[in-house]
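# Structural features, examined
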Amino acid sequence: MHRLVYVAVATVLTLAGAAPANAAPLSRTAPSVAVAAQPLTTTDVLSVWGAGPYRIGASLDRLAAAGMIESPVATCDGVVRAGATGTWAGVILLAFRHGRLVEVNTATAPPYSPAGAGVGMSFADLETIYGPRGSLISNDAGTATAYLVRVGTRVELFTGHPIRPGVGAFQVGTASFVERDFRQGGTC
């Protein structure tokens, strides 16, 4: 199921034309744990509260009226997936449930978590950064592994990459949506 999610994310980004034609290629080396010691700007940080103006709990209607989302697609169970606009275009994907933002997802680096963790790192790097605050988990089918950090009723979830070891996606949001989606294989 997780491979399907990666394919869906890539398809949405491709169809939305999210990556500018003159974008610099992404570095193939994983950032070191020292990233946490570097000062992060607002557009570099993805936290359990969201990213920039994309705050967990924000209204889909309000963000749409402000021109801050693109290519919304209704899936099922009251879930709408969309891309971001502006400086976050091509960097994050959004999931709304019953009209409220419940997940922000990225497959790029930056952004990084407030602790400095992000896409491209190994699960061992995450364990070094988070220590006892996080843990390695598996989905209910036992077919996928992720690193989970709980912050109250919200989570940071770092999932594997489909073709290489390490983190391929970084998601934040409500545990009732993000963690359940990973463990149970999606809402649809």
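Residues numbered from 1 in each chain as written. Predicted model: local features only at pLDDT ≥ 70, side-chain atom pairs only at ≥ 80, totals over all residues. Heavy atoms only, no water.

## A few points about the packing of aromatic side chains
Applied cut-off: Aromatic rings from Phe, Tyr and Trp, with only the six-membered ring used for Trp, were paired whenever their centres fell within 6.5 Å, and each pair was classed as stacked if the ring planes differed by under 30 degrees, edge-to-face if by over 60, and tilted otherwise. Strands are runs of DSSP state E lasting at least two residues, helices are runs of H or I lasting at least four, and both sets are numbered from the N terminus onward. For each residue, the accessible area found with a 1.4 Å probe, counting protein chains only, is set against the maximum for its type, and the residue is called buried under 20%, exposed over 50%, and partly exposed in between.
Following the criterion strictly, the structure yields three aromatic pairs and no others. Between Tyr130 and Phe158 the ring centres are 6.1 Å apart and the planes differ by 45°, which places this aromatic pair in the tilted class. Residue Tyr130 is located in helix α3 (residues 123-130), and its partner Phe158 is located in strand β9 (residues 154-160); the two are separated by 28 residues in the primary sequence. Each member of the pair Tyr130 and Phe158 is classed as buried. On the numbers, 4.5 Å between centres and 5° between planes, the contact of Phe158 with Phe170 is stacked. Taken together, the residues span a long stretch of sequence, with Phe158 in strand β9 and Phe170 in strand β10 (residues 167-174) at a distance of 12 residues. Judged by relative accessible area, Phe170 falls into the buried class, the value being 0%.

## A short note on helix α4 (residues 175-184)
Each turn of an α-helix holds 3.6 residues, which means side chains three or four residues apart point in the same direction. Listing the buried residues of α4 in full gives Ala175, Phe177, Val178, Glu179, Asp181 and Phe182. With its phi angle positive at about 90°, Gly185 sits one or two positions after the end of α4.

## Some details on the confidence of the model for the chain
Put simply, the test is: One number per residue, pLDDT, summarises how confident the predictor is, and it ranges from 0 to 100. Should any heavy atoms of two residues lie within 4.5 Å, those residues are counted as being in contact.
Per-residue confidence for the chain gives a mean pLDDT of 82; residues scoring 70 or more make up 76%. Model confidence for the chain, summarised as mean pLDDT per element, is weakest for helix α1 (residues 2-16) at 37 and strongest for strand β6 (residues 100-106) at 98. Confidence over residues 1-40 falls short of pLDDT 50; this stretch has 39 contacts with residues more than four positions distant or in other chains.

## Points about the environment of Ser71
Position of Ser71 among the secondary structure elements: in strand β3 (residues 69-74). Along the backbone, Ser71 and Thr85 are 14 residues apart, and their C-alpha atoms lie at a distance of 10.0 Å.

## Considerations on α3
The line we're drawing: Note that the arc is defined by the directions from the helix axis to the C-beta atoms.
Residues of α3 that are buried: Phe123, Leu126, Ile129 and Tyr130. The buried residues of α3 all sit within an arc of 115° when viewed along its axis, so they share a single face.

## Concerning the pattern of salt bridges
Defined as follows: For this document, the term salt bridge refers to a Lys or Arg side-chain nitrogen within 4 Å of an Asp or Glu carboxyl oxygen.
Under the defined criterion, the tally for this structure stands at four salt bridges. With its nearest N and O atoms 2.7 Å apart, the salt bridge here joins Glu179 to Arg150. In this pair, Glu179 sits in helix α4 while Arg150 sits in strand β8 (residues 145-151), placing the two residues 29 residues apart along the sequence. A cluster of three or more residues bridged by salt bridges with shared partners is formed by Arg150, Glu179 and Arg183.

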